[in-house]
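# Analysis of the macromolecular model
This is what each chain is made of:
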Amino acid sequence: MAQHPPSPMSLPSSSPNYSSMEILLNQFQSFETIDPRTGDVIARISEGTKEDIDIAVKAARRAFDSGPWPRLSGTERAKIMMKFANLIDENIEELAALDAIDAGKLYHMCKALDIPSAANTLRYYAGAADKIHGNVLKPSRQFHAYTLMEPIGVVGHIIPWNFPTSMFFVKVSPCLAAGCTMVLKPAEQTPLSALFYAHLAKLAGIPDGVLNVVPGFGEIAGAAISSHMDIDAVSFTGSTQTGRKIMEAAAKSNLKQVSLELGGKSPLIIFDDADIEKATELALIGILFNKGEVCVASSRVFVQEGIYGEFEKKLVEKAKAWVVGDNFDHNVQQGPQVDKKQFEKILSYIEHGKREGATLLTGGKTVGNKGYFIEPTIFSNIKDDMLIAQDEIFGPVLALKKFKTIEEAIKSANNTRYGLAAGIVTKNLDIANTVSRSIRAGNIWINCYFAFEDDIPFGGYKMSGFGREYGLEALHKYLQVKSVVTPIYNSPW
Ligand code: TXE
């Protein structure tokens, strides 16, 4: 291992309260968080119950109804958010280590990308905090009317484990800028960095009660958020199955506003005129980045028949050379899957693919004798209705298919219940324009993939959910419009 992660949860040995804290921790329910490289326990985390969520919601409600946060000017909120962002930058190494050890993510990638980008997301929305305003309207009758943009209130955030830091800040940053207060539940697999962020928020000067982090399980703490009567909106990222439960709970409780960013089975369509070298790179990164645990992973790749043979050969060569191993090692390109459950789910899809009659071109096996490592895996001879072409596997497993015509490619690409993203590789502008307008998905990348920026809205069509993250669209999830109308007598106009 090139770098050793710090041991974040250990108390300094000089701490005079060590034994009493240990006793206190033992009094509460707790759960283990696991290092997926080895299956070993990293730390025990207090488990949030329904009652804990209720306490957090009460704190958030108090902070919203009578605390300073929603009443500060946008400039004042922005100043604190900027400080929060600077504190993230000052702690990059520890934060990168927390996400790497908890989620099996590449340490160097967290350090170069996940953590600094999250700080910038905070800065982007800090910049928007003083630009939130309504409009003056000109109704046809003799009224003066205007709109106010008011914070929606107390928000519940439920986030997944694949990007513990990015997911935290994609939810929290616009919500803070809007002047809301919130309760956030990190995924049970990856609670560590969220707890550190709560600590940094306090150091930055975010007032008590504004940002409450409660670790715990989905069925208990998560369900308590989605069914709570005093939460005004819930913002969720995770599986389509859980998204459905959250909507049901919202409908059965107080009809809180719901936004969902769910799964995907995104197509990457490569046409005959593509540069094969670049196209194979895109296809490989599209499925192997973050070990395939990415909602927009290009898990279905369609290649036009003229270049198919050469493309397949090059892609397989590259997949075989891809380095799987300890995610703290700088030379490694792919770490372990997040946990045993996800590891077993991926392996069972690989077995299913073989049984369905797809051709296994490379991979398919586990790596090493401990931890949750899986080889980059490519199947060809895919039919659109195969399970491995329909279900979100969320691992390093690619389904490769040859096509003849543009119509055939569009039909196959749209043959999915999901609609999160799609990639198109071609030099032909007409093809790029036609395909991008024909694919039912929220994000289209032409000659690129994973092109995320803070000001580019992101979200799904179909069963990939609704509502948008990033951009000013995300800010609007946390605001509501109030129309104010007054009659004007004897107007000269
Ligand atoms: O997801 P869940 P899981 C997909 C991916 C993966 C599959 C299962 O295909 O293999 O989902 O992963 C909380 N009420 N994605 O089981 O259950 C849970 O505690 C309220 C795609 O981990 O959706 C966690 O915080 N909350 C996805 C969060 O929901 C509940 C990222 C996500 O967990 C809950 C993750 C309930 N009843 C998985 N049950 C993406 N879109 O990026 C669970 N949770």
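To start, this report covers the structure provided alongside it. Please read these numbers as outputs of a predicted model, since none were measured by experiment.

What follows deals with the overall build of the chain. Along the backbone of the chain there are 16 helices and 22 strands. Taking the principal axes of its C-alpha atoms as reference, the chain extends roughly 75 × 75 × 40 Å. By residue count, 54% of the 493 residues in the chain fall in the buried class. Across the chain, every contact between residues at least 6 apart in sequence was considered, and the portion connecting residues at least 24 apart equals 74%. Carbon and sulfur atoms make up 54% of the accessible area of the chain, which amounts to about 21,600 Å² in all.

Right, let's get into the site of the ligand. Every one of the 29 residues lining the ligand counts as a neighbour, but Trp-161, Glu-188, Ser-239, Lys-345 and Glu-392 are closest to it. A distance of 3.2 Å separates an oxygen atom of the ligand from a polar backbone atom of Gly-218. Elements with a contribution of two residues or more to the shell around the ligand: α8 (218-226), β8 (233-237), α9 (240-252) and α12 (340-356). When the residues that make up the shell around the ligand are grouped by side-chain class, the tally is eleven nonpolar, ten polar and eight charged.

What follows covers helix α11 (residues 305-321). Taking 1.5 Å of rise per residue, 17 residues should cover 24 Å, and α11 covers 25 Å from first to last C-alpha, within 8% of that figure. Among the residues making up α11, those that are buried are Ile-307, Tyr-308, Phe-311, Leu-315, Val-316, Lys-318 and Ala-319. Against the buried residues of α11 lie β10 (267-270), α10 (276-288), β11 (300-304), β12 (359-362), β15 (377-380) and β16 (397-403).

Residues Phe-84, Ile-88, Phe-168, Leu-176, Ile-270 and Phe-311 are the most contacted members of the largest nonpolar core, which totals 98 residues. If we ignore the near neighbours within four places in the chain, the residues touching Ile-270 are Ala-279, Val-301, Phe-302, Val-303, Gln-304, Ile-307, Phe-311, Phe-403 and Val-425. Counting 20 residues, the second largest nonpolar core, distinct from the first, contains Val-57, Ile-158, Phe-236 and Leu-262.

Below, the discussion takes up the packing of helix α3 (residues 74-90) against helix α7 (residues 192-204). Taken N-terminus to C-terminus, the directions of α3 and α7 make an angle of 130°; their axes are 8 Å apart at the nearest point. Here α3 lies oblique to α7, going by the angle between them. In this structure, the crossing between α3 and α7 has a hand that is right-handed. Residue-level contacts link Ile-80, Lys-83, Phe-84, Leu-87 and Ile-88 of α3 to Tyr-197, Leu-200, Ala-201, Leu-203 and Ala-204 of α7. Residues that form the contact of α3 with α7 fall into these classes: nine nonpolar, no polar and one charged.

Turning our attention to the sheet that holds strand β22 (residues 479-487). On the basis of which strands lie adjacent, the open sheet formed by three strands has the order β3-β4-β22 and antiparallel pairing. Among the strands making up the open sheet, the edge pair consists of β3 (136-137) and β22. Strand direction decides the pairing type here: strand β4 (residues 143-151) and β22, joined by nine bridges, are antiparallel. The residue bridging Met-149 from the neighbouring strand is Val-481, located in β22.

Despite not being glycine, Asn-381 has its phi angle at roughly 55°, a positive value. Here Asn-381 lies in the loop between β15 and α13 (387-390). The phi dihedral of Phe-394 is positive, around 65°, even though this residue is not glycine. By the element assignment, Phe-394 lies in the loop between α13 and β16.

The next point concerns the pattern of salt bridges. Side chains bearing opposite charge may pair, as long as their charged atoms lie close to each other. Taken as a whole, this structure holds 28 salt bridges when the rule is applied. The closest approach of N and O atoms between Asp-130 and Lys-131, which form a salt bridge, is 2.7 Å. According to the relative accessible area criterion, Asp-130 is partly exposed, its value standing at 41%. Within this structure, Glu-277, Glu-281, Glu-310, Lys-314 and Lys-318 form a network of salt bridges that share partners.

Along the polypeptide, Ser-117 turns up in helix α5 (residues 107-128). The spacing of Ser-117 and Ser-166 is 49 residues in sequence and 7.6 Å in space, taken between C-alpha atoms.

With respect to the secondary-structure elements, Pro-70 resides in the loop between α2 (50-65) and α3. For the pair Pro-70 and Gly-153, spaced 83 residues apart in sequence, the C-alpha to C-alpha distance is 8.9 Å. Those residues in contact with Pro-70 that sit more than four places away from it in its chain are Ala-63, Phe-64, Arg-77, Pro-151 and Gly-179.

With that out of the way, let us pick up the packing of aromatic side chains. Applying the stated rule across the entire model yields 18 aromatic pairs. An aromatic cluster of at least three residues, connected via ring pairs, comprises Phe-163, Phe-289, Trp-445, Tyr-449, Phe-450, Phe-452, Phe-458 and Tyr-470.

With that settled, the discussion passes to the pairing of β16. Summarising burial for β16: six of the seven residues are buried, a large majority. The pairing of β11 with β16 spans five bridges and is classified as parallel. Along β16, the bridge assignment pairs Val-301 with Leu-400. Bridge analysis of β15 against β16 gives three bridges, and the strand direction is parallel. Within β16, the residue paired with Thr-377 across the bridge is Val-397.

This paragraph deals with α12. Over its 17 residues, α12 runs 24 Å from end to end, which matches the ideal 24 Å to within 8%, given 1.5 Å per residue. Among the residues of α12, those classed as buried are Gln-342, Phe-343, Ile-346, Leu-347, Tyr-349, Ile-350 and Gly-353. Along the axis of α12, the buried residues cluster in a sector spanning 155°; they form a single face. Residues of α12 that are exposed and angled more than 90 degrees away from the buried face: Lys-341 and Arg-355. Of the surrounding secondary structure, the elements contacted by the buried residues of α12 are β13 (366-367), β14 (373-374), β15, α13 and β16. Positive phi shows up at Gly-357, right after α12, with a value of about 100°.

In this section: the packing of helix α6 (residues 164-178) against α7. Viewed as axis vectors pointing N to C, α6 and α7 meet at an angle of 45°, and their least axial separation amounts to 9 Å. Between α6 and α7, the angle is such that the two are oblique. As α6 runs across α7, the sense of the crossing is right-handed. Listed contacts from α7 to Pro-164, Thr-165, Phe-168 and Phe-169 of α6 are Ser-193, Ala-194 and Tyr-197. Taken together, the residues of the contact of α6 with α7 sort by class into five nonpolar, two polar and no charged.

Calculation rules
- Residues numbered from 1 in each chain as written.
- Predicted model: local features only at pLDDT ≥ 70, side-chain atom pairs only at ≥ 80, totals over all residues.
- Heavy atoms only, no water.
- Helix = DSSP H or I, 4+ residues; strand = E, 2+ residues; numbered from the N terminus.
- Buried < 20%, exposed > 50% of the residue type's maximum accessible area, 1.4 Å probe, protein only.
- Contact = heavy atoms within 4.5 Å.
- Areas by Shrake-Rupley, 256 points an atom, 1.4 Å probe, with all protein chains shown as cover.
- Near = heavy atom within 4 Å.
- Polar contact = N/O pair within 3.5 Å; in protein donor to acceptor, adjacent residues only side chain to side chain.
- Nonpolar A, V, L, I, M, F, W, Y, C, P; charged D, E, K, R; others polar.
- Expected span 1.5 Å × (residues − 1).
- Core = buried A, V, L, I, M, F, W, Y, C linked by side-chain atoms within 4.5 Å.
- Axes fitted to C-alpha atoms, helices over the stretch in contact; angles between N-to-C directions.
- Parallel < 35°, antiparallel > 145°, perpendicular 65-115°, else oblique.
- Left-handed = near helix turned anticlockwise from the far one by under 90°.
- Pairing = 2+ DSSP bridges.
- Salt bridge = Lys/Arg side-chain N within 4 Å of Asp/Glu carboxyl O.
- Phe/Tyr/Trp six-rings, centres within 6.5 Å; stacked < 30°, edge-to-face > 60°.
- Arc of directions from axis to C-beta.

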